[in-house]
Each structure stands twice: as C-alpha cells, then as structure tokens.
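Below are the chains, spelled out letter by letter.
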Amino acid sequence: DPSYYVLKIIDAIKELKRDNIDPKKFEKLIKEQEETIRANPNLYHEKGKYTGKMKGEYVTELEKVGKNKELCMVYKAYEKALEENHLYDYEDMIMEVVRTLEKNKDLLLRIQEENHYILTDEHQDANDAQNKLLELVSSFHENPNIFIVGDEKQAIFRFQGASLENFLYFKKKFKDAVLIALTDNYRSTQTILDSAHGLILNNPVEDESLRVKLLSSSRHTPEKIKIVALDDREAEAIFVANRIKHLIDSGIASHDIAVLVRNNRHAEPIERTLLANGIAVSKSADTDALDDPYIASFVSFLELLQMPSKPELLGKVMFSGFLRIDPIEVSKALEKANKEKVPLVDVVKMSPELSEFYKKLSYLSRIAANESAVKGFETVARESGFFEFMVKHPRAHELFVLYDGLLQTVIRFAERRKAALLNDFVAELLKAGEYSKDILVSKIPPDGVELMTAHGSKGLEFDYVFIVNTNEGIWSGRKAHKAFFLPTGALKDAIEDERRLFYVALTRARKGVWATYAKRGMDGKELSPSRFLYEMGENVEDIKDVQTVLVTEKTDFKRTLPLLIKDKAYLNKLFIERGFPVTHLNNFLDCPWRYFFTNLLRVPTVQDNTALYGSAMHNALKDYFNAYAREEDISINKTIQLFESYLQRTHMTEKDLEVFAKSGAEELRGYLSQANFSRSIFNEFTIMGVPFPVGGVEIVLNGKLDKVEVLGSGGVNVVDYKTGKPKSRNEIMGQTKNADGNYKRQLVFYKLLLNEYKRGEWNMKTGTIDFIKPDDRGKLHHEVFVIEDKEIEELKVLVKDTAQKILDLSFVNENCDDEYCEWCRLGKGLGQ
C-alpha cells in the first residue's frame, strides 16, 4: 500500500527537524548506529547449529537501520523539492534560523548585541532545535544574562521534540547558575499536591533539587482523590455525567469542570453521554472537519457531482438531511432499481417525486465541471441547500467552524492552482483522504463543561477535574507503534513521560479530582486500572456503590434550545466579545440580518474579487508608507510589485488576476506620484477596547485607521483609503438619492474613538476620504471633512440605539430594502 508510509514519513521528518537533524546529520547518525551494532562482540552465535549466524535481536536492529536509510533517501528528496519550489515547512522556521546564525556570524553578533537579557518561559517544552537557537543567541558572554523558567514534572511534549534532557541542558551547561525553587502553589489543595508529588516520586531524577514539595496556599477544603471503578465504558460515561450534573446543580459553573481524556478518540462517547444528560459541552480539542456527519454528507454530495450516476454514492447522498428529500421516496427508488435491475439514476430521473432533485444534480454537476474551485464551492453550498441547512441548524455554532475549515482548504487549494475547477479540488480532497489527511479545526464553542486531552489542558485550571479511562494501556503502559526508530531519543522513558502527563492532569484541579476506569472492555475482557492510581499515596478514596442511571428529565441548559437566535445570553456574549467597529454598525444599518450572520455569528463566506483587490491595495500602501515614515523610501515600481505579490496570493483566477493587476498598477502609479504626503504618520493604526455603556451593559468600540497624519499645527488628520469608484462629496455625506452616508459615518466614528483614546490626547482636526481610483477624467478625489461635536453626539445616539436592538434581538422581524437579500431570506422566521 503506497499510502501507508506517507504520514509516518512526514511525522518522522518533523521529529528529525525538531531535534535539529538535517539529512546530512541523519546520514551520519545512521552510519554510527550501524557501526555500533556491527561492532558488538556478541553479534553472532558462537555455539550450536546456528554458529556464525547473526542473533535475531541484531537482525531486527539492522532492519531498523535499513529502514532509516530508506527514510534518509526520502528526506533528502523532500528537502530538494522544498528548495526547488522555494518552500519551507513549519519546523524549518526554527531550523533555517539556526542554520543561518551558524553560518552568518555578523548577523549572529548583531542579534547578540541587541539582546542582552533573555527570558525563556515553559522551557520544559523546548525541543533540541529551539535549544540550539537559544544557545546561539546567548553565546556572546561566557556567563550570559539568561533566565530559564520551567517545571521538569510537566515535560509532556516529547512527541513535539521536547525532552527532559533538553530541559536540563542549560542547568548542566551553566553549573554556577542560581537555582530558584518555587514552593507556593495558589491553585490546588494540599491533598491534590501531595497526591501529585507521591506520583512523580516514581520518576527517577538525577538532581534531587528538582523534587521540591509544593505547599498549598489555597483556601479550598481538601478532598481526597476519588477513584471509581465502573463495569464498562458506558457505565463510566454515565457515572461521570451524573456526577457533573450533581456539581452543576450544587452551584458549580459548568466551565469550572473539566473532563480530561488521553486521546481525542476517547472524547466522543463522553461527549455523547453528557449531551444526552442535557449538559452543555465545550470541546476544545482540535477536530477533523471531515469526521462530522453533516460535513461528510456535503463532501459526499460534492463527490457525487463528479459521478452523478454512481449508484452506491447516489443512494447514500439522497438521504442527506440538507437535500430535504422524503426518505420514503428514496427507499422506493432504491427498491425499484434493485428489483427491475435498472440504473438508480434512471429511476431518479423518471420519478415525479425525485425529478426536481435530478435537475438540481445535473445543474450543479455542470457547475462543478466548469466553475473555478472557490466560486463553484460557494455556488454548490448555497444552491444545494446545505448553507441554509447549516445556518438554521441547532448546532450552527459548531458547523460554522467545521464548514470554514473546509472552505479555507478550498481557498488555499485555489491560491496554489489558479486554473483549478471545483472537480479538481474534490479529486484532490479524495486523494488526501486515501492518505488519512484530515482538516483540523479548533472549535471555540459556547460555555459548557470542558472536554479536552490532558495535553490540551496544560496551563488551565478548573474547580473539578474528571480523568476518565484511567486504565493500563491508555494512561500507562501504552505500546508505542513506531514506523521508524530514529536516533533522536524520543522513545526513551515512555512510562516516565506518561506519568508526567498524569501529573499535569491531576494538578489542573483546584478543589477535587475524580479518576474513573472500566473493569471490562467492549469485548467483555477484563481491564486493569492504571498503575498511576495507586502511586498517589494515601490521599485517595475508592468509591463503592456508584449510581449509573442516565438522567432523562428536562434540563434548563440553554444549549438544548432549538435555534441559536433564541439563545439571547449567548448572542449577547458574542456581541460584547466581538466588539463593535464602524463596519459592523454600517452593515447593521444596511441590513440587520447581514450583520447578524456575517459579523455576529461569522458565517463563513468567501471574499469576492473586489474585496481581495482592496486588501492587496491596502497592504501595498501600508508597505509603502511604513518605509516612507522611516525615510527608507521604496520606489513606486517596487510598491506595484508588492501589490501584485499580494494579489497573486489570493484565489483569483489567472484571468481576473490579469485585469485587477493591470488596473491596480495604473492606480497606484497615479496615486503615489503625488508629492504632498506627510512623513509624520502612523499606518494601520488600531484602537481596541474603547468602553461604551448601553443600558446596564458595557460594549466595546474598535477601529483600524488606515493612516493617521500628525499635523504641524497640532492634532491629526485621519485618512481612509477607498479603492472603489470615486463618490461626490454630497454622496459621501449621504445627501444624494440612494446614498447611505457610510463613508462620512466612518470618519465621525474615528473621531469618537480618538476622543476616547488616551483621554483625547490626539485631537482629530480633520478626516479625509482618499480615493485611489481616479474618476473618468483621470482626476483623483481627496475629500476632507471637519467633524463637528454635534455629529459625534448624534453618532453616540445611533450607536446606543443600534447596540440596544442587537442586545434585545428586537431586529429579528425586520428586513432590509433589498427584496432579493439572501441574508433576510435566511433570517426569515428565525425570530418567531
């Protein structure tokens, strides 16, 4: 199977790079590895019928070396391909810096001269490449000013190249360094700390000074660590759900409770049981978007568009909820095709109940075969019904994140392959599936019980922690399935790494810990508890006669409400967290539902060519004026090249790129040829977190100002670039027919922000709308406005009224003036 080793090779190369091992060094290590094995005096049998034959254990070791030799060939080819394509991967971000500093002594000296004091936090997570970088930067002095912070008990990221050896490296290197042991713990009770200390004592350590016992400064009442044995995994999940419900009923906030699993695959049964009990779940671990049944069904539909007549695919897809096809009619069609031995697609085509679906399928198949990847994807998502299905689904907040992961994958694909059609992307997606490649997304769900891996919990804290599946073979005694045995030391002391991970899990708790395990597996075989459960000393308690009854009564949890729009508390939380820039205000005034979906809920959408062009233009102007402010001027031609580079990185097709690049070059040349730009400027100036009271709530006003010019007479002028067609002064002010006044409102909003910024230190005397595109006669328009105090007061009233509508959700029965507005159509009926 050619695909079997692909991901394993990628992981092996990552591991090598994290240990600062390039192909040349790897080849040398392999040679040394082989020489060491062959130099062993016990290599061959010396007696019996196998005299002269190599012993089996050494045959195995040499087979591993042979595999590494093949890996080295791939590694060399991989690095050559990266170089030829002018690419580098994630691990190269450290590796390349290390290589460069080793070769370029002048650059190294400059960095050393600029950085006299070095603080390294969480050093137990450092890998060898990061340590090498740290050593280079700090090597100017024999005894550098370096301050290293870390905890060897929490060195849990060996799979990312971190190791205890790396952590102790600098302690050995600088023997006279002062060691400061922190002993006060402000999180956990003494019971939890003593249990964790008893556990970690089972890990040998060469320096006893690292074994400092922590003292609790917590005021919580100590509770023993609860150990609970359940009959099986289902009983374990139900018990955990019951205990969590009891804690919540007693007044513990759900987000102060965590369920920690060893691996992501262990989370799903727990999540399912918690939800069945009406307990909201905040699943923080990265998840594969393609694992979600709704996203998977949409991907199957995309696959069907390539092969509409494929019977097994067609039959499966027609049951997808977003297509809204009566499942009885689908069953009838399947039965008829099977009974009459005719193609299913012909039955669907001739069925009165399914013919509309067949027409839609045929139409979207043509779209997939002829439209660009991004445009085709959006068209299919909307016209198949999936987009609306997702927006109106009770799990919409989760589906948005998963769908966006898929959408961003399409966009990245189109950025690399400008001529790609939607069918090309689907073919690539299916091919990636053969190699087990996933689309990882980070969920940021509403408040609920935190469900995550122990690795993901590091640095966090909760009142109560449930460590589940604490069986031998899961939390301890795990068998390492390695495709390659690399000379990196990553497999050393596996049980000690696992013990440190359990230590981290224990010490996430402020008040109490429950550790649960199953007595039997799904196959009925007996399971053993993890050895860690009984290494914690006497501060543990075995719980007997536990209740494992699934709770079925109605709950008050808001996450069980049918639609996101009805969860006012959650939407208000989003509104306050998102902040309220002027673009959101203008969007709301244009169409409340557009604001609701695109700014508040952030339904994933694709930027059109006009928006992509505007972003590229803004980035090029930022580069130009940043250099201009430093008096390190770059030429107009260079700025045009930067603009074209930004444009090239988008998902525009080659044809569109050609058109926009040409017009952009002309506009930039004309705009930058002016000679009256100020050098006293701040570019892309961001103002965050200006408080603004609305009723009994405080919202936050934000803004990003394209350019702030410091005036010689005191005060500033705010410049806002516009890349669209120039507007007249009256149109900007909203004083012509169909004018919305959005541009002028932006300037007034910026004045409001600056009045509050640093207590009004910057007096905004004027605001300028600067059009980059000339009018039909080739003239550039710069419209300068003085903002009156009266306008500020009127805007404050408008902001307050608008914010109150959003907080009250009183806009839900409103629509904008556009009778064909997609957002209003999606919002229709949600407010009922």
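Just so we're clear, the structure is a prediction, and the values are computed from it rather than from any experiment.

### Some thoughts on the pattern of salt bridges
Opposite charge on two side chains lets them pair, provided their charged atoms get close.
No. 1: One pass over the full model with this rule turns up 49 salt bridges.
No. 2: Among the ionic pairs, glutamate 34 bridges to lysine 69, the shortest N-O distance being 2.9 Å. One end of the pair, glutamate 34, is in helix α2 (residues 23-38); the other, lysine 69, is in helix α3 (residues 56-84), with 35 residues separating them in the sequence.
No. 3: Take glutamate 34: its relative accessible area is 17%, and that puts it in the buried class.
No. 4: Each of Lys17, Glu79, Asp89, Asp92, Glu96 and Arg99 takes part in a single network of salt bridges with overlapping partners.

### Remarks on a nonpolar patch on the surface
No. 1: Where nonpolar side chains cluster on the molecular surface, the patch consists of Leu119, Phe147, Val178, Ile180 and Leu182 and spans about 620 Å² of accessible area.
No. 2: Secondary-structure assignment places isoleucine 180 in the loop between α7 (164-173) and β3 (184-185).
No. 3: Judged by its relative accessible area of 60%, isoleucine 180 falls in the exposed class.

### Brief notes about the packing of aromatic side chains
We describe a pair of aromatic rings using the distance from one ring centre to the other and the angle between the two ring planes.
No. 1: All chains considered together, the criterion is met by 45 aromatic pairs.
No. 2: Ring geometry for phenylalanine 298 and phenylalanine 377: centres 5.7 Å apart, planes at 80°, overall edge-to-face. In this pair, phenylalanine 298 sits in helix α11 (residues 293-306) while phenylalanine 377 sits in helix α16 (residues 373-383), placing the two residues 79 residues apart along the sequence. Like phenylalanine 298, the residue phenylalanine 377 is buried in the burial classification.
No. 3: On the basis of an interplanar angle of 80° and a centroid distance of 5.4 Å, the ring pair of phenylalanine 575 and phenylalanine 580 is categorised as edge-to-face.
No. 4: In this structure phenylalanine 575 comes out as buried when scored by relative accessible area, which is 1%.
No. 5: Given a relative accessible area of 0%, phenylalanine 580 falls into the buried group.
No. 6: If you follow lysine 8 out to its NZ or CZ, it ends over the ring of tyrosine 4, 4.1 Å from the centre.
No. 7: Its guanidinium or amino end placed over the ring of phenylalanine 484, lysine 67 lies 5.9 Å from that ring's centre, counting from NZ or CZ.

### Let's talk about the pairing of strand β1 (residues 117-120)
No. 1: What you see with β1 is a clean split: Ile118 and Thr120 sit on the buried side and Tyr117 and Leu119 on the side with no burial.
No. 2: When β1 meets strand β2 (residues 145-148), the two strands line up parallel, connected through four bridges. When the bridges of β2 are listed, tyrosine 117 appears paired with asparagine 145.

### Examining the packing of α11 against helix α18 (residues 396-416)
No. 1: Where α11 meets α18, the axes come as close as 10 Å, and the angle between the chain directions of the two elements is 35°. Here the hand of the crossing between α11 and α18 comes out right-handed. Two secondary-structure elements touch here, α11 through Tyr294, Ile295, Phe298 and Val299 and α18 through Leu399, Leu402, Tyr403 and Leu406.
No. 2: Looking at the contact of α11 with α18 residue by residue, the classes come out as eight nonpolar, no polar and no charged.

### Remarks on the environment of serine 615
No. 1: When you line up the elements, serine 615 lands in helix α25 (residues 609-629).
No. 2: Expressed as a C-alpha distance, the spacing of serine 615 and glycine 734, which sit 119 residues apart in the sequence, is 25 Å.

### Examining the nonpolar core
No. 1: Membership of the largest hydrophobic core comes to 113 residues, with the highest contact counts inside it found for Phe301 and Leu701.
No. 2: Discounting residues that sit within four places of it in the chain, phenylalanine 301 has contacts with Val317, Phe322, Leu323, Phe357, Leu361, Leu364, Val380 and Ser384.
No. 3: Counting residues in hydrophobic clusters, the runner-up holds 30 residues, among them Ala196, Phe462, Ile474 and Ala509.

### Description of helix α13 (residues 327-340)
No. 1: For α13, which comprises 14 residues, the first-to-last C-alpha distance of 20 Å matches the rise-based estimate of 20 Å (1.5 Å per residue) to within 8%.
No. 2: Those residues of α13 not exposed but buried are Glu329, Val330, Ala333 and Ala337. Down the axis of α13, the buried side of the element spans an arc of 105°, and every buried residue falls inside it. Away from its buried face, by an angle of more than 90 degrees, α13 presents the exposed residues Ile328, Glu335, Asn338 and Lys339.
No. 3: Among the structural elements, α12 (311-317) and α14 (344-350) are those in contact with the buried residues of α13.
No. 4: Backbone nitrogen of isoleucine 328 and a side-chain oxygen of the N-cap are separated by 2.9 Å at the start of α13; the cap is aspartate 326.

About the criteria used
- Residues numbered from 1 in each chain as written.
- Predicted model: local features only at pLDDT ≥ 70, side-chain atom pairs only at ≥ 80, totals over all residues.
- Heavy atoms only, no water.
- Salt bridge = Lys/Arg side-chain N within 4 Å of Asp/Glu carboxyl O.
- Helix = DSSP H or I, 4+ residues; strand = E, 2+ residues; numbered from the N terminus.
- Buried < 20%, exposed > 50% of the residue type's maximum accessible area, 1.4 Å probe, protein only.
- Patch = residues over 30% accessible without salt bridge, like charges linked within 9 Å, V, L, I, M, F, W, Y side chains within 5 Å.
- Areas by Shrake-Rupley, 256 points an atom, 1.4 Å probe, with all protein chains shown as cover.
- Phe/Tyr/Trp six-rings, centres within 6.5 Å; stacked < 30°, edge-to-face > 60°.
- Lys NZ or Arg CZ within 6 Å of the ring centre and 35° of its normal.
- Pairing = 2+ DSSP bridges.
- Axes fitted to C-alpha atoms, helices over the stretch in contact; angles between N-to-C directions.
- Left-handed = near helix turned anticlockwise from the far one by under 90°.
- Contact = heavy atoms within 4.5 Å.
- Nonpolar A, V, L, I, M, F, W, Y, C, P; charged D, E, K, R; others polar.
- Core = buried A, V, L, I, M, F, W, Y, C linked by side-chain atoms within 4.5 Å.
- Expected span 1.5 Å × (residues − 1).
- Arc of directions from axis to C-beta.
- Polar contact = N/O pair within 3.5 Å; in protein donor to acceptor, adjacent residues only side chain to side chain.

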